[in-house]
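Structure at a glance
Below are the chains, spelled out letter by letter.
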Amino acid sequence: MRLSRFFLPILRETPKEAEIVSHRLMLRAGLVRQMSAGMYAWLPLGHIVLRKIEQIVREEQARAGAVELLMPTLQSADLWRESGRYDGYGKEMLRIQDRHERDMLYGPTNEEMITDIVRRDIKSYKDLPFTLYHIQWKFRDEIRPRFGVMRGREFLMKDAYSFDLSEEAARISYQKQFVAYLRTFGRMGLKAVPMKADPGPIGGDLSHEFIILADTGESEVFCHRDLVDMDIPGEDTDFESDLSAIVDGRTSLYAATDEMHDPARFDAEVPEDKRLTARGIEVGHIFYFGTKYSEPMKASVQGPDGTEVLMHGGSYGVGVSRLMGAIIEASHDDDGIIWPDAVAPFNVGLINLKSGDEATDSACEDVYAKLTNAGLDVLYDDRDERAGGKFATMDLIGLPWQLVIGPRGLKNGVVELKRRATGEKEELTIDAALNRLTQTN
RNA sequence: CGGGGCAUGGCGCAGCCCGGUAGCGCACCUGUUUUGGGAACAGGGGGUCAGAGGUUCGAAUCCUCUUGCCCCGACCA
């Protein structure tokens, strides 16, 4: 992509409404613009990152055996009356009427709808188990939206729903999502700690939140220090095998959010030098809720002996749009964002130090074509701008690599390659730079 | 919803107390000189001063109401 033809409105000064660093940087780097309280337009650069995050979520859901579908954003109130949540959900649910004055709502979550879909066609225990998910916009009419996309009213969420014949079987589905989440967040360069959580209005008796430690986190969390730096399960993890060892390895150490925190247990179970009290950002939340929805909505199958058995359910959410904020909170410096390689909107920023200079232009065009042909996503700053502004822009938007080409270097046959995360700069020949970039990406 | 605050060009702000018809920095456009880590000079474009009503010869400025947004608390991916 040529920057001269892209839409990248960067801000030199910080809009005053942005308090936390991720919000400031998202506005400054041209990722989002606020349209009204808690609702954001995703500008091209932000949209690319959103898609990258989604893609990682998809790949790990597939690995765990979950199947994607897509449900509507608007739902009929009748389904929620059936489950009993229409009155219980409160003002956070945006309620609307269509032209026939039918009660509708903008879905804050989809347990009812997925249960309705499943109950219509699944009649036999032989069809179980399965897990369905979608990545769809949700709306929760938050009392006070804040922190940019971290607590918006409209937000993109991955929500998965498992259906099993029994509680024991459902716990296996739960474990698959648990491990999938470890991999999902790990691939984004995040250290996510699963913590015992309050099931809240979704209901149920088994629940974990996945928390990113960050000073600007909304909740206080308490955990065993060793949980923070645990390795993520490898690509070769067999999701059809028993995952208990991986799950138990995390859940056996103390970790709790403030509403579940038990100071006495914390002190008793965790040696003093391993006690970690910090703030955290919730990026995922998983629940096992048994027959909470299948019972009122009559979602059952016939068992082997011919009797009706209620399906046991769980639901598993990832805040996809929130993750972008969380990633930036975890990875930035004074100059701007530092995207982890896996979610960076482009692999390389190519800086032409002297647009209009024939030799420099043609060297840049050549490099741009070669990198693009090699399958790399390149943002080529071909604008007729001063060098300082180009460097500042590239640092702000945080692409993993910056390749700098100017007439002075070309005279000596070298270009500069900079790693954004470390600030390391290296002068090397164009061919060496191309090799380095194509081999490491 | 309770408490606090803000609303003036794309962004950051001054002007308001003490009414006289809008200004600064950055950004943007043109030209010249520049050009290797946010250039200089000259010229220029852009504003229903959040909206409505009122007071007044005259309102960004004073009064009333409304709306939007932000911050602190209770809720959540």
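If you're wondering where the values come from, they're calculated on a predicted model, not measured in any experiment.

What about the layout of surface pockets?
There is about 1100 Å³ of room inside the largest pocket. As for the largest pocket, its lining consists of 45 residues, and the residues nearest its centre are R140, R151, E282, H285 and R322. Secondary-structure elements contributing two or more residues to the lining of the largest pocket are β8 (154-164), β13 (275-290), β16 (312-319) and α9 (320-330). Broken down by element, the lining of the largest pocket gets its largest block of residues, 7 residues, from β13. Looking at the lining of the largest pocket, its residues break down into 16 nonpolar, 14 polar and 15 charged. Surrounding the second largest pocket, 13 residues form its lining, I10, R12, G389, A392 and T393 being those nearest its centre. Among the elements that take part in the lining of the second largest pocket, helix α11 (residues 387-397) stands out by supplying 6 residues, more than any other. Split into classes, the residues belonging to the lining of the second largest pocket amount to 4 nonpolar, 2 polar and 7 charged.

Overview of the sheet that holds strand β5 (residues 94-97)
What the 3 strands build is an open sheet, ordered β4-β6-β5; its pairing is antiparallel. Each edge of the open sheet is held by one strand with a lone partner, namely β4 (74-76) and β5. Each strand axis lies, on average, 40 degrees off the axis of its neighbour in the sheet, ignoring direction. Where β5 meets strand β6 (residues 103-106), 4 bridges bridge the pair, whose relative direction is antiparallel. Across the sheet, residue R95 finds its bridge partner in β6, namely L105.

Brief notes about the protein's contact with RNA strand B
Around RNA strand B, the structure places 45 residues, and the nearest of them are R12, R151, E282, R408 and E416. With respect to RNA strand B, the side chain of E92 contributes an N or O atom lying 3.0 Å from a sugar or linking oxygen. Residue G152 places a main-chain N or O atom 2.8 Å away from a base nitrogen belonging to RNA strand B. For the surface near RNA strand B, the elements supplying multiple residues, two or more each, are β1 (32-36), β8, β13, α11, α12 (407-411) and β22 (415-419). When residues of the surface near RNA strand B are assigned to their parent elements, the largest contribution, 6 residues, is made by α11. By residue class, the composition of the surface near RNA strand B is 15 nonpolar, 11 polar and 19 charged.

Topic: the packing of aromatic side chains
Ring pairs (aromatic) are described by centroid distance and by the angle formed between their planes. One pass over the structure, following the stated rule, counts 14 aromatic pairs. Ring geometry for Y368 versus Y380: centroids 5.4 Å apart, planes at 40 degrees, classification tilted. Here Y368 is found in helix α10 (residues 358-373), whereas its partner Y380 is found in strand β20 (residues 378-381), with 12 residues between them in sequence. Taken individually, Y368 and Y380 each receive the classification buried, so the pair is uniform in this respect. Feature note: the residues F178, Y181, F185 and F210 constitute an aromatic cluster, connected by ring pairs. When the ring centre of Y86 is taken as reference, the NZ or CZ atom of R81 above it lies at 4.6 Å.

A word on a negative patch on the surface
The grouping of D198, E220, D258 and E259 at the surface amounts to a negative patch. One can find E259 in the loop between β12 (255-257) and α8 (263-269). What makes E259 partly exposed here is its relative accessible area of 45%.

Rules behind the numbers
Residues numbered from 1 in each chain as written. Chains lettered and ligands numbered in written order. Predicted model: local features only at pLDDT ≥ 70, side-chain atom pairs only at ≥ 80, totals over all residues. Heavy atoms only, no water. 1 Å grid on protein atoms, 1.4 Å probe; cavity = no way out; pocket = protein on both sides within 12 Å on 5 of 7 lines; lining within 4 Å. Points joined across faces, edges and corners; volume = space filled by probe spheres on them. Helix = DSSP H or I, 4+ residues; strand = E, 2+ residues; numbered from the N terminus. Nonpolar A, V, L, I, M, F, W, Y, C, P; charged D, E, K, R; others polar. Pairing = 2+ DSSP bridges. Axes fitted to C-alpha atoms, helices over the stretch in contact; angles between N-to-C directions. Near = heavy atom within 4 Å. Polar contact = N/O pair within 3.5 Å; in protein donor to acceptor, adjacent residues only side chain to side chain. Phe/Tyr/Trp six-rings, centres within 6.5 Å; stacked < 30°, edge-to-face > 60°. Buried < 20%, exposed > 50% of the residue type's maximum accessible area, 1.4 Å probe, protein only. Lys NZ or Arg CZ within 6 Å of the ring centre and 35° of its normal. Patch = residues over 30% accessible without salt bridge, like charges linked within 9 Å, V, L, I, M, F, W, Y side chains within 5 Å. Areas by Shrake-Rupley, 256 points an atom, 1.4 Å probe, with all protein chains shown as cover. Salt bridge = Lys/Arg side-chain N within 4 Å of Asp/Glu carboxyl O. Lys, Arg positive; Asp, Glu negative; His and termini not counted. Charge placed at Lys NZ, Arg CZ, Asp CG, Glu CD.

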